[in-house]
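Each chain, written out:
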Amino acid sequence: MTARLATARLLAAASLLALSLAACQDGSGINGPSARSLAPIAPQTVALMQSKGMQPSDPILIRTFKKEAEMEIWKRGNDGRYALLKTYPICRWSGQLGPKTREGDRQAPEGFYTITPGLMNPNSSYYLSFDTGFPNAVDRANGRTGKYLMVHGTCSSAGCFAMTDATIAEIYAVARDAFIGGQRSFQFQSYPFRMTAENMAKFRNDPNIAFWQNLKEGSDYFEALHEEPKVGQCGTKYVFGGADAAAGSCKPRVDPLVAEKSARDTHAVADLVAKGTPAVRVVYQDGGQNPVFRPQNASAFASLGGTETVLPYDAKEYGRHNLGDVSRPETLAAGPQEIELAPKGQPTMLAGAEPAAATRAAKAGGKGHGREPAPATPTTLMANRADPGAQVETTAALPDKPARIAVADADGDPSSYQKLFGQLFAKDKPAPAAPPTPSVDAAVMPAAAPEPAKVAHAAETVAPKAARVHAVKTAKAESKGDAKAERPALRKGEPEGRKP
């Protein structure tokens with residue numbers, strides 16, 4: 001009888017909470033909260049909580065990682081420390097690695113956000129959703145703009161983290177029950193990738209590295225102590241720590257365990273760099289998707305050693321999820337491209353950097369989950385040149401040594417990466433073919449180049465100012481056209497750049 005009474009009270013509290021949430025949403029209070037927003041947590045997930053000594057009413061914390069396309073829910077125990085409950089694959093995120101800077105840039109936000117009951121939407125057009133709270137104080141201090149950046153259902157993103165309907169239903173229910181249990185808000189940590197020493201070494205020359213190092217301070221705090229870091233603002237940066245950080249101190253006390261982890265990672269990064277770990281930047285056509293939603297990439301889960309990678313979720317289960325309307329499926333086929341960065345920040349393109357599984361899928365041209373046939377993966381990449389009519393092409397990469405070509409210097413101007421690489425995936429301007437050559441270590445002269453000496457010199461040095469100006473003007477002209485085509489009307493409570 002006591003258990004039934006507790007259950008009845010929980011359901012009543014859930015209904016009242018849903019009604020209060022509905023009042024915060026545009027037009028959602030007319031018909032009341034949706035039935036799906038009141039659905040209980042799945043019995044399997046409740047059993048998982050119990051096996052880990054957790055209760056549905058315990059406070060939560062959520063972390064998300066773009067590059068790995070994963071989202072984690074952590075729950076706090078009686079000792080104040082958080083433990084991982086479950087990891088979910090992200091069905092779709094858009095844009096590139098890096099923070100959101102302006103409305104309409106398709107960037108999913110990165111940073112530390114506070115989710116209150118008022119940011120939950122029980123009547124979302126995307127099944128269920130909650131707003132990330134972007135922009136926060138640090139975003140505003142950096143001049144970043146945008147609104148309605150959500151975590152929602154339906155595998156379609158224009159600056160949001162899109163889960164499947166079934167996944168967002170569970171995440172929403174877990175968050176709802178934590179609010180009913182007394183949690184007034186939960187922290188949402190959004191990262192470009194897992195903040196490991198390997199990733200920090202790999203992305204050390206990326207234009208966003210200073211911002212990512214700042215995010216890593218918060219990640220180190222959480223991973224060292226398993227406690228929610230208090231987040232403050234100092235100018236354009238985050239500060240993390242205890243009560244002093246929350247009070248606005250620019251130099252909060254650093255816990256010894258946190259300092260030890262940070263020092264250990266710094267040493268590991270230096271060691272990796274000394275061993276020759278290349279510095280790269282990863283460029284996406286438009287965001288990414290966890291491979292569990294692409295059956296043709298199932299072989300990608302196998303490691304080079306032949307043993308299968310153990311995933312924190314069932315790939316077969318998520319492979320059966322209904323994805324709904326997948327946004328820009330053609331951009332997912334080839335996968336990201338790696339741009340190797342020279343010591344001074346000069347980018348170098350790596351030919352043939354696409355994942356092998358994605359290349360095989362593109363050749364097969366098969367359909368899956370409503371996607372169009374994948375376009376053939378290009379085997380060459382073109383560089384911007386001083387003479388718009390003269391271009392340099394790399395040959396296909398050998399298995400053990402990718403081809404490299406130098407492009408215009410972007411050192412000191414992070415935005416020029418976007419200006420230059422924004423044309424990398426242009427679909428309406430295919431690169432002209434050039435005869436293959438046996439060289440893969442240096443740029444190759446076109447067969448019909450009128451001035452061989454001049455072309456060879458330009459390929460091995462930084463492109464002159466005229467080339468950069470030409471590339472920037474071209475990129476701006478194209479980006480204006482894309483921006484106009486990709487910004488339909490907005491409605492409060494829904495993702496930016498989307499019709500309700």
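Residues numbered from 1 in each chain as written. Predicted model: local features only at pLDDT ≥ 70, side-chain atom pairs only at ≥ 80, totals over all residues. Heavy atoms only, no water.

Peer 1: Quick question: what am I supposed to make of the overall build of the protein here?
Peer 2: Each helix and strand counted, the protein has 13 helices and 16 strands in total. Going through the 500 residues of the protein one by one, you find that 46% of them count as buried. Here the analysis covers contacts within the protein between residues at least 6 apart in sequence; of these, 67% occur between residues at least 24 apart. Total accessible area computed for the protein in this model is approximately 23400 Å², and 55% of it derives from carbon and sulfur atoms. (Helix = DSSP H or I, 4+ residues; strand = E, 2+ residues; numbered from the N terminus. Buried < 20%, exposed > 50% of the residue type's maximum accessible area, 1.4 Å probe, protein only. Contact = heavy atoms within 4.5 Å. Areas by Shrake-Rupley, 256 points an atom, 1.4 Å probe, with all protein chains shown as cover.)

Peer 1: Would you take a moment to explain the sheet that holds strand β8 (residues 150–152) for this structure?
Peer 2: To summarise the sheet geometry, strands pair through backbone hydrogen bonds and adopt either a parallel or an antiparallel arrangement. With mixed pairing, five strands are arranged side by side in an open sheet as β4-β9-β8-β7-β6. The two strands at the open ends of the sheet, each matched to only one other strand, are β4 (92–93) and β6 (120–121). (Pairing = 2+ DSSP bridges.)

Peer 1: Sorry if this is basic, but what is going on with the pattern of salt bridges here?
Peer 2: Scanning the model with the defined rule gives 22 salt bridges in all. Note that Lys202 and Glu338 form a salt bridge whose closest N and O atoms lie 3.0 Å from each other. With Lys202 in helix α5 (residues 197–202) and Glu338 in strand β14 (residues 337–341), the pair connects residues that are 136 residues apart, well separated along the chain. Looking at Glu338, the relative accessible area reads 24%, which means it is partly exposed. Each of Arg63, Glu70, Glu72, Arg194, Lys216, Asp220, Glu223, Lys261 and Asp265 takes part in salt bridges that share partners, so that together they form one network. (Salt bridge = Lys/Arg side-chain N within 4 Å of Asp/Glu carboxyl O.)

Peer 1: I would appreciate a short explanation of the sheet that holds strand β2 (residues 70–76) in the present structure.
Peer 2: Pairing within the open sheet is mixed, and its five strands lie in the order β3-β2-β1-β10-β5. At either end of the open sheet lies a strand with only one pairing partner, and these are β3 (82–89) and β5 (111–115). With direction set aside, neighbouring strand axes in the sheet form an average angle of 20°. Strand direction decides the pairing type here: strand β1 (residues 60–65) and β2, joined by six bridges, are antiparallel. Bridge pairing in β2 links Thr64 to Met71. (Axes fitted to C-alpha atoms, helices over the stretch in contact; angles between N-to-C directions.)

Peer 1: Can you help me understand the pairing of β2 in this one?
Peer 2: A regular strand places its side chains on the two faces of the sheet in alternate fashion. Burial runs high along β2: six of the seven residues are buried. Adjacent in sequence and paired antiparallel, β1 and β2 are bridged by four residues, among which Ala69 carries a positive phi angle near 55°. Across seven bridges, the pairing between β2 and β3 is antiparallel. Across the sheet, residue Trp74 finds its bridge partner in β3, namely Leu84.

Peer 1: What's the story with the packing of helix α6 (residues 209–225) against helix α8 (residues 256–274) in this structure? I'm lost.
Peer 2: The packing of two helices is summarised by the inter-axis angle and the distance between the axes. Relative to each other, α6 and α8 sit at 120°, their axes nearing to 9 Å. By the angle between their directions, the pair α6 and α8 is classed as oblique. Here α6 runs over α8; the crossing is right-handed. Across the interface between the two elements, Lys216, Asp220, Tyr221, Glu223, Ala224 and Leu225 of α6 pack against Leu257, Val258, Lys261, Ser262 and Asp265 of α8. Class assignment of the residues belonging to the contact of α6 with α8 gives a composition of five nonpolar, one polar and five charged. (Parallel < 35°, antiparallel > 145°, perpendicular 65-115°, else oblique. Left-handed = near helix turned anticlockwise from the far one by under 90°. Nonpolar A, V, L, I, M, F, W, Y, C, P; charged D, E, K, R; others polar.)

Peer 1: It is not clear to me how helix α4 (residues 165–180) should be interpreted in this structure. Could you clarify?
Peer 2: Since there are 3.6 residues in each turn of an α-helix, residues three or four apart along the chain are aligned in direction. With 16 residues, α4 should cover 22 Å at 1.5 Å per step; its first-to-last C-alpha distance of 22 Å lies within 8% of that length. For α4, the buried fraction is high: 12 of the 16 residues fall into the buried class. Within the sequence span of α4, burial applies to Thr167, Ile168, Glu170, Ile171, Tyr172, Ala173, Val174, Ala175, Arg176, Asp177, Ala178 and Phe179. Taken from the residues just after α4, Gly182 is the one with a positive phi, measuring 120°. (Expected span 1.5 Å × (residues − 1).)

Peer 1: Can you help me understand the packing of aromatic side chains in this one?
Peer 2: Working definition: an aromatic ring pair is given by the centre-to-centre distance plus the angle between the planes. Under the definition given, this model contains 18 aromatic pairs. For the pair Phe130 and Phe186, a centre-to-centre distance of 5.7 Å together with 80° between the ring planes defines the contact as edge-to-face. Separated by 56 residues along the polypeptide, Phe130 in strand β7 (residues 129–131) and Phe186 in strand β10 (residues 186–191) bring together distant segments of the chain. Classification of Phe186 by relative accessible area gives buried; the value is 2%. (Phe/Tyr/Trp six-rings, centres within 6.5 Å; stacked < 30°, edge-to-face > 60°.)

Peer 1: Sorry if this is basic, but what is going on with the environment of Gly104 here?
Peer 2: Counting through the fold element by element, Gly104 comes out in the loop between β4 and β5. Linking Gly104 and Ala158, residues 54 residues apart in sequence, is a C-alpha distance of 8.1 Å.

Peer 1: Whenever I open this one, the confidence of the model for the protein confuses me. Can you help?
Peer 2: Low pLDDT marks stretches whose predicted atomic positions should not be read closely. When pLDDT is averaged along the protein, the result is 74, and 59% of the positions lie at 70 or above. Low pLDDT, under 50, characterises residues 297–307; the stretch is placed with 14 contacts to residues that sit more than four places away or in other chains. In this model residues 349–472 is a low-confidence stretch, pLDDT under 50, and it forms 199 contacts with partners more than four residues away in sequence or in other chains. (pLDDT = per-residue confidence, 0-100.)

Peer 1: Looking at this structure, how should I read the nonpolar core?
Peer 2: Generally speaking, nonpolar side chains in soluble globular proteins are found buried as a group. By size, the foremost hydrophobic cluster in this structure holds 63 residues, and its most contacted members are Ile62, Met71, Phe130, Ile171, Phe188 and Trp212. Here this core takes eight residues from α4, the largest share from any one element. The contact partners of Ile171, leaving out residues within four places of it in the chain, are Ile62, Met71, Ile73, Tyr88, Phe130 and Met163. (Core = buried A, V, L, I, M, F, W, Y, C linked by side-chain atoms within 4.5 Å.)

Peer 1: I would appreciate a short explanation of the state of the cysteines in the present structure.
Peer 2: Disulfides are covalent bonds that connect the sulfur atoms of two cysteines. One pass over the full model with this rule turns up two disulfides. Residue pairing for Cys91: its cysteine sulfur links by disulfide to Cys155, the two sulfurs lying 2.2 Å apart. Here the disulfide of Cys91 and Cys155 is left-handed, its torsion about the S-S bond being about -105°. On the criterion of sequence distance, the pair formed by Cys91 in the loop between β3 and β4 and Cys155 in the loop between β8 and β9 (161–162) is long-range, its members being 64 residues apart. With its sulfur 2.0 Å from that of its partner, Cys234 forms a disulfide with Cys250. Its torsion about the S-S bond being 100°, the disulfide of Cys234 and Cys250 is classed as right-handed. Here Cys234, found in strand β11 (residues 230–234), pairs with Cys250, found in the loop between α7 (243–246) and α8; they are 16 residues apart in sequence, far enough to count as distant. Judged by relative accessible area, Cys250 falls into the partly exposed class, the value being 43%. In the protein, the bonded cysteines, numbered by position in the sequence, are linked as 1-2, 3-4. (Disulfide = S-S within 2.5 Å.)

Peer 1: In this structure, what is going on with the pairing of strand β12 (residues 237–241)? I would like to understand it.
Peer 2: Extensive coverage of β12 is indicated by the burial of four of its five residues. By the bridge criterion, five bridges tie β11 to β12 in an arrangement that is antiparallel. Bridge pairing in β12 places Gln233 opposite Tyr238. Here β11 hands over to β12 after two residues, with Gly235 in that stretch at a positive phi of 65°.

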